[in-house]
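Take a look at the letters that make up each chain.
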Amino acid sequence: MAEIIGGVGCSHVPAVGAAFDKGRTEEPYWKPYFDKLPPAREWIERMAPDVCIIVYNDHASAFDLRMIPTFALGVADEYPIADEGFGQRPVPTVYGHSDLSWHLAESLILDEFDMTLVNEMPVDHGLTVPLSVMYGHREQWPCRIVPIMVNVVQYPPPTGHRCWRLGQAIRRAVQSYSGSERVMVFGTGGLSHQIHGERAGLINTAWDHAFLDRLVADPEAAAAIPHLEYLREAGAEGIEMVMWLVMRGALSGQVTEAYRASHVPTSNTHNGLLLLEDHGGPAVPAVHR
Ligand code: DHB
Ligand code: FE
């Protein structure tokens, strides 16, 4: 049985990727943020996941307004790095785990989550920045990566509650996989930020931390937060935080917070990092209708 060993919540600010790629992490603007990362990198080294399921949103790189699935699951063995207008980020190729992906597809769809299955998908900063944050410079990523894309760009995005339940279905799916993989689930995006319009620059660190507290200790309460509250309190792009609920839903009730860091500013964003260690609840049987 494959096992879920923990979760990572991680903002995916594109400027962090650029600072990292251009070797600017020691500059005064960036150093205070990058100085917060070594404990996270030591933790993931120790946890040593074989597979990272990365729940992220695409920013008009693979999908655009012509077609935007609510939930998409990558089933490929390889995903190219997207060119977001400045060339591809110089990061290693993202290698998938198509056997696990197809198992997830079967389990999630029979569990009544209508995933769009994607064979070809360039992955953008939503997925690559959290990898750089957690793993730093690498010749190769030390794990296989299964991308799960959530629409938080075109209204209406899925509710936080739906995302939480998707996470629970991911847990059932992983636990019914015959392999012995150690799986880490990432939820990316957020925290509060708004990058356009009259409220551009909005940041609400108090609300963000209250959200993280609830996410850890009372995730059902976090899952009940309506869209309007995210928009009002965390800004139009703060809705990305629903993806952290997918991560939390995939963990058990026996979770400890291994590390939390946050920093303002990086770009226009309250940049958050949350590491959760899963001490393993009872295995949940897969639902196969
Ligand atoms: C920015 C873009 C993002 O996708 C995000 O999650 C945070 C910040 C930006 O353009 O600054
Ligand atoms: Fe984003």
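*Asks:* Give a detailed account of the coordination of the iron ion (ligand 2), specifying residues and quantitative values.
*Replies:* At this site the iron ion (ligand 2) is bound by His12 (NE2), His59 (NE2) and Glu240 (OE), with donor distances of 2.1 to 2.2 Å. Of note, the iron ion (ligand 2) draws all its donor residues from one chain, in the sequence arrangement H-x46-H-x180-E. Here His12 is found in the loop between β1 (3-10) and α1 (14-21), whereas its partner His59 is found in the loop between β2 (51-56) and β3 (71-74), with 47 residues between them in sequence. Looking at His12, the relative accessible area reads 3%, which means it is buried.

*Asks:* Got a sec to walk through the site of ligand 1? Specific residues and values, please.
*Replies:* Taken together, the residues surrounding ligand 1 are His12, Pro14, His59, His125, His193, Glu240, Ser267 and Thr269. In this structure, His193 approaches ligand 1 through a side-chain N or O atom, which is 3.3 Å from an oxygen atom. Considering ligand 1 on its own, with 290 Å² of exposed area, one finds that the protein chains cover 84% of that surface.

*Asks:* Account for the pairing of strand β10 (residues 269-278), naming residues and giving values.
*Replies:* When you tally the buried positions in β10, you get nine out of 10 residues, the bulk of the element. Inspection of the sheet shows β1 paired to β10 by five bridges, in the antiparallel sense. Bridge pairing links Val8 to Leu275 in β10. Direction of pairing for strand β9 (residues 255-266) relative to β10: antiparallel, over a ladder of nine bridges. Bridging from a neighbouring strand, Tyr259 pairs with Leu275 of β10. Counted between consecutive antiparallel strands, the loop separating β9 from β10 contains two residues, among which Ser267 sits at a positive phi close to 55°.

How each quantity is defined
Residues numbered from 1 in each chain as written. Chains lettered and ligands numbered in written order. Predicted model: local features only at pLDDT ≥ 70, side-chain atom pairs only at ≥ 80, totals over all residues. Heavy atoms only, no water. Donors = N, O, S within 2.8 Å, 3.2 Å for Na, K, Ca; no water. Helix = DSSP H or I, 4+ residues; strand = E, 2+ residues; numbered from the N terminus. Buried < 20%, exposed > 50% of the residue type's maximum accessible area, 1.4 Å probe, protein only. Near = heavy atom within 4 Å. Polar contact = N/O pair within 3.5 Å; in protein donor to acceptor, adjacent residues only side chain to side chain. Areas by Shrake-Rupley, 256 points an atom, 1.4 Å probe, with all protein chains shown as cover. Pairing = 2+ DSSP bridges.

Any link to function would need more than the numbers given here.
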